[in-house]
Amino acid sequence: MLTGKKPGRLVKLVHLSFENGRNRFFRQYDVTSSQMDLLDYLDQKEQKAASQKEIVEYLQMSYATVSGLIKRLETKGYLCRGSFDKDKRANLIMLTSQSEQLFETCSEHMDARDEHLMRDFTQEEKEQFVYLLEKILKNSGMDLPDDAGKRFVPSHRIRFHEDREGE
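Residues numbered from 1 in each chain as written. Predicted model: local features only at pLDDT ≥ 70, side-chain atom pairs only at ≥ 80, totals over all residues. Heavy atoms only, no water.

Draft legend 1. Structural view of the overall build of the protein. Counting its secondary structure elements, the protein contains six helices and five strands. Reading the protein from its N terminus to its C terminus gives the helix and strand order α-α-β-α-α-β-β-α-α-β-β. When each of the 167 residues of the protein is scored for burial, the buried share is 29%. Pairs at least 24 apart in sequence give 46% of the contacts found in the protein among residues at least 6 apart. (Helix = DSSP H or I, 4+ residues; strand = E, 2+ residues; numbered from the N terminus. Buried < 20%, exposed > 50% of the residue type's maximum accessible area, 1.4 Å probe, protein only. Contact = heavy atoms within 4.5 Å.)

Here is the structure:
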């Protein structure tokens, strides 16, 4: 054991600190963490838009849950709906200029938060820390999406190996 300290508990405390800070920051914009995950996904898309089905698959949430997120974000002016040229029945969910401004502001804040939390780390320590976190995730049986660590990845997209047994 490591001088009586439990690594799992420390990881949990770091996670709680991140989530609490993230939620406190988002509150001023009247958005939730899940809503920001959706906006982040659309921001990654070249056209800044996706079908509702694509969003459901990315977030790995139910259709009803995603529908509620979209409805609330539409009401707040962060999203609008359209349709695909080839299939008018399918909803195209698009970012508005208001959501792009929100995302830019929040991205800057999250980057600054990461920098602040690692301010006393050398470059070598930062790289080692990321390496060790990835190793812990691998040892815990998780599959990470290719974009993990580059952008925020919602916990719904991190899958345990046992989740794939029926595939």
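Draft legend 2. View of the side chain of Ser-99. Inspection of the secondary structure assignment puts Ser-99 in helix α5 (residues 97–117). When its relative accessible area of 1% is taken as the criterion, Ser-99 is described as buried. A distance of 2.7 Å separates a polar side-chain atom of Ser-99 from the backbone oxygen of Thr-96. Look past the residues within four positions of Ser-99 in its chain and what remains in contact with it is Leu-39 and Tyr-78. (Polar contact = N/O pair within 3.5 Å; in protein donor to acceptor, adjacent residues only side chain to side chain.)

Draft legend 3. Inspection of the packing of helix α1 (residues 7–27) against α5 at higher detail. Where α1 meets α5, the closest approach of the two axes is 11 Å, and the angle between their N-to-C directions is 145 degrees. Our pair here, α1 against α5, has a crossing hand that is right-handed. Side by side, α1 and α5 meet where Ser-17, Phe-18, Gly-21, Arg-22, Phe-25 and Phe-26 of the first sit next to Thr-105, Cys-106, His-109, Met-110, Arg-113, Asp-114 and Leu-117 of the second. Here the residues of the contact of α1 with α5 are counted per class, giving six nonpolar, four polar and three charged. (Axes fitted to C-alpha atoms, helices over the stretch in contact; angles between N-to-C directions. Left-handed = near helix turned anticlockwise from the far one by under 90°. Nonpolar A, V, L, I, M, F, W, Y, C, P; charged D, E, K, R; others polar.)

Draft legend 4. Local environment of the packing of aromatic side chains. Per the stated rule, a full pass over the model turns up four aromatic pairs. An aromatic cluster of three or more residues is present, and its members are Phe-25, Phe-26 and Tyr-29. The side chain of Arg-113 reaches across the aromatic face of Phe-18, ending 5.5 Å from its centre. (Phe/Tyr/Trp six-rings, centres within 6.5 Å; stacked < 30°, edge-to-face > 60°. Lys NZ or Arg CZ within 6 Å of the ring centre and 35° of its normal.)

Draft legend 5. Quick look at the pattern of salt bridges. Under the defined criterion, the tally for this structure stands at six salt bridges. Note that Lys-48 is salt-bridged to Asp-43, the shortest N-O span being 3.3 Å. The salt bridge partner of Glu-115 is Lys-126, with a shortest N-O separation of 3.8 Å. Taken together, the residues Glu-115 in helix α5 and Lys-126 in helix α6 (residues 123–139) connect sequence positions eleven residues apart. (Salt bridge = Lys/Arg side-chain N within 4 Å of Asp/Glu carboxyl O.)

Draft legend 6. Representation of unusual backbone geometry in the model. Residue Lys-48 is not a glycine yet carries a positive backbone phi of 60 degrees. Inspection of the secondary structure assignment puts Lys-48 in the loop between α2 (33–44) and β1 (49–51). Not every positive phi belongs to a glycine, and Gln-60 is a case in point at roughly 55 degrees. Looking at the secondary structure, you find Gln-60 in the loop between α3 (52–59) and α4 (63–75).

Draft legend 7. Focus on the nonpolar core. Grouped together as the largest cluster of nonpolar side chains are 25 residues, with contacts concentrated most on Met-36, Leu-38, Leu-39, Leu-42, Ile-55, Leu-59 and Leu-79. For this core, the leading source of residues is α2, giving five residues. In this structure Leu-79 touches Leu-38, Leu-39, Leu-42, Ile-70, Leu-73, Glu-74, Ile-93, Met-94, Leu-95 and Thr-96, once residues within four positions along its chain are discounted. (Core = buried A, V, L, I, M, F, W, Y, C linked by side-chain atoms within 4.5 Å.)

Draft legend 8. Seen up close, the pairing of strand β3 (residues 91–95). Bridge analysis of β1 against β3 gives three bridges, and the strand direction is antiparallel. Residue pairing across strands places Ala-49 opposite Met-94, the latter belonging to β3. By the bridge criterion, five bridges tie strand β2 (residues 79–83) to β3 in an arrangement that is antiparallel. Paired with Leu-79 across the strands is Leu-95, a residue of β3. (Pairing = 2+ DSSP bridges.)

Draft legend 9. View of α2. In this model, α2 (twelve residues) spans 17 Å end to end at C-alpha, consistent with the 16 Å of a helix rising 1.5 Å per residue. Extensive coverage of α2 is indicated by the burial of ten of its twelve residues. (Expected span 1.5 Å × (residues − 1).)

Read these as spatial facts, not as claims about activity.
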